[in-house]
Amino acid sequence: MRAVVCRECGNDAAVQIETLPEPVVDEHGVRIAIASTGVSFANLLVLAGKHQNTPPVPFTPGTEVSGIVIECGAKVSRFRPGDRVAASVRNGGFAELVVAPERTVYALPEAIDFDAAVQFPTIYATAYAGLVWRARVLPGDTVLVHGAAGGSGLAAIDIAKCLGARVIASVSSPLKAEACRRHGADVVINHREQSIREHVLALTDGRGAEVIFDPVGGEAFDESIRCIAPEGRLITMGFASGTIPRVPANILLVKNFDVIGLYWGYYLGWSKQAAHPREEARVRAAMAELFAWCEQGRLRPETLARYRLDDWRAALDRLAAREVIGRVVINPVASTPGPR
Ligand SMILES: NC(=O)c1ccc[n+]([C@@H]2O[C@H](COP(=O)([O-])OP(=O)(O)OC[C@H]3O[C@@H](n4cnc5c(N)ncnc54)[C@H](OP(=O)(O)O)[C@@H]3O)[C@@H](O)[C@H]2O)c1
């Protein structure tokens, strides 16, 4: 099979398409012919050797896939060849085939196409865990979403709206602002022109946002602690700005708010600390609810562009240029050339 292979992190020339042996299923493995694979900020970090999940070289990047099951291990009970699925994998997504453990494979409803599907195993799931499990958003809460037109950001807007929240979205351009409005954001702030703190305080009668979803870190995080409500919940789930923020404990004390760390990989069993046995069922229930919301038209995963496997570098460059709204995807078996 053909796959993108990284032989040295931080060296572009050492990442190329190669022909590899087909991956083999173990007893819990599900072999998937990949129709679509998500291109994410985490892929850039892994290839640079800067992500906590960077595997040893050589490896194939790509953690979120969808496609058709072609083979199942002897102990796989939930799937059989021909099933449409979405899956999380630790790596291996930029390829024609991948083997995923049954635990992180999800049956895909007919109504959800493969390109939309890649957004569920990571970004919709992470936004769900943050807003539903960890921050416990209530109807009427004001939720501030940073990086709101990115993959995680649009997912967070969709889910916050499903939960009955008022959403304030923060973005860097008019095009991104328009995307957030399409997803139901009630107010959009262009953080290049407007003060996040002033706007959030003005929109909440000086109280602040009850919940803040932060995939950006850096200045976005610093602004957050200036406009979070008492007993507010600040979900820190990514550092797209490249800056890992710090919060002094005295500020936590005087402002009565919680900073909530969130790593989705924990729920998949990818952390150094073992996942609690209940997590597998909880993840499945969350995925079922997300798919149901999508079928009801309440979640609207956006695919900005589609690339062939050969054009994987162009897909990553687009992401690095900070242009992406929603997700770009790679279709490893697509027949038409270039971005589609
Ligand atoms: N904790 C977890 O389990 C988990 C799960 C999924 C993703 N993540 C992390 O969450 C972060 C966001 O992921 P994503 O898939 O939503 O990324 P994305 O689609 O690329 O969106 C990131 C957003 O961050 C903003 N941003 C601010 N500074 C930036 C910079 N210097 N370069 C690029 N973007 C910048 C951009 O919004 P504006 O241009 O509007 O400012 C952009 O839309 C990543 O760090 C990823 O690794 C973590």
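This structure is a prediction, so every number in the text was calculated from the model and none was measured. (Residues numbered from 1 in each chain as written. Predicted model: local features only at pLDDT ≥ 70, side-chain atom pairs only at ≥ 80, totals over all residues. Heavy atoms only, no water.)

A. Structural view of the sheet that holds strand β9 (residues 166-171). Taken in spatial order, the 6 strands of this open sheet run β10-β9-β8-β11-β12-β13, and their pairing is parallel. Edge strands, defined here as strands with exactly one partner in the open sheet, are β10 (187-190) and β13 (258-261). For this sheet, the mean inter-axis angle between neighbouring strands, taken without regard to orientation, is 20 degrees. Direction of pairing for strand β11 (residues 209-214) relative to strand β12 (residues 228-236): parallel, over a ladder of 5 bridges. Each residue of the ladder has a partner; that of Val211, found in β12, is Arg233. Seen against the sheet, helix α4 (residues 151-162) touches β8 (142-145), β9 and β11 and runs at an angle of roughly 170 degrees to β9. (Pairing = 2+ DSSP bridges. Helix = DSSP H or I, 4+ residues; strand = E, 2+ residues; numbered from the N terminus. Axes fitted to C-alpha atoms, helices over the stretch in contact; angles between N-to-C directions. Contact = heavy atoms within 4.5 Å.)

B. How the structure looks around the nonpolar core. By size, the foremost hydrophobic cluster in this structure holds 56 residues, and its most contacted members are Phe120, Leu131, Ile157, Ile159, Cys180, Leu290 and Leu299. No other element matches the 8 residues that helix α3 (residues 120-134) contributes to this core. Counting only domains with at least three residues in this core, you end up with domain 1 (2-119 + 301-331) and domain 2 (124-266). Excluding residues within four positions of it along the chain, Leu290 makes contact with Phe120, Tyr124, Ala125, Tyr128, Ile159 and Leu299. Among the nonpolar cores identified, the runner-up in size contains 18 residues, and Val39, Ala305, Val328 and Ile330 belong to it. (Core = buried A, V, L, I, M, F, W, Y, C linked by side-chain atoms within 4.5 Å. Buried < 20%, exposed > 50% of the residue type's maximum accessible area, 1.4 Å probe, protein only. Domains from an automatic or database assignment.)

C. Region of interest: helix α10 (residues 279-295). A rise of 1.5 Å per residue sets the reference length of α10, with its 17 residues, at 24 Å; its end C-alpha atoms lie 24 Å apart and thus fit the reference within 8%. Among all positions of α10, only Glu279, Val283, Ala286, Met287, Leu290, Phe291, Trp293 and Cys294 are buried. Looking straight down α10, one finds that the buried residues subtend no more than 160 degrees of arc, so they occupy a single side. Buried residues along α10 sit against β7 (105-107), α3, α4 and α9 (264-267). (Expected span 1.5 Å × (residues − 1). Arc of directions from axis to C-beta.)

D. Up close: the domain arrangement of the protein chain. Each assigned domain of the protein chain is listed here: domain 1 (2-119 + 301-331) and domain 2 (124-266). Put simply, the middle of domain 1 and the middle of domain 2, counted by C-alpha atoms, are 28 Å apart. With 11 residues of domain 1 at the contact, the number on the domain 2 side is 15 residues. Carbon and sulfur atoms make up 45% of the surface buried where domain 1 meets domain 2, a total of about 1,100 Å² over both sides. Together, Glu302, Arg322 and Ile325 form the three largest contributors to the area buried by domain 1 at its contact with domain 2, with a combined 43%. With a closest N to O distance of 2.9 Å, Glu302 and Arg182 form a salt bridge. Our count for the domain 1 to domain 2 interface comes out at 7 residue pairs in polar contact (both at pLDDT 80 or more). Class assignment of the residues belonging to the side of domain 1 that touches domain 2 gives a composition of 4 nonpolar, 4 polar and 3 charged. (Buried area = accessible area lost by both parts, 1.4 Å probe. Salt bridge = Lys/Arg side-chain N within 4 Å of Asp/Glu carboxyl O. Polar contact = N/O pair within 3.5 Å; in protein donor to acceptor, adjacent residues only side chain to side chain. Nonpolar A, V, L, I, M, F, W, Y, C, P; charged D, E, K, R; others polar.)

E. Quick look at the packing of aromatic side chains. For the coordinates displayed, the defined rule picks out 8 aromatic pairs. Aromatic side chains Tyr128 and Trp133 sit 6.0 Å apart centroid to centroid with 90 degrees between the ring planes, which places their arrangement in the edge-to-face category. For Trp133, a relative accessible area of 13% translates into the label buried. Taken together, the aromatic side chains of Tyr128, Trp133, Trp264, Tyr266, Tyr267 and Trp293 make up a single cluster linked through ring pairs. The positively charged end of Arg84 is found above the aromatic ring belonging to Phe114, 4.6 Å away from the centroid. If you follow Arg282 out to its NZ or CZ, it ends over the ring of Trp133, 4.0 Å from the centre. (Phe/Tyr/Trp six-rings, centres within 6.5 Å; stacked < 30°, edge-to-face > 60°. Lys NZ or Arg CZ within 6 Å of the ring centre and 35° of its normal.)

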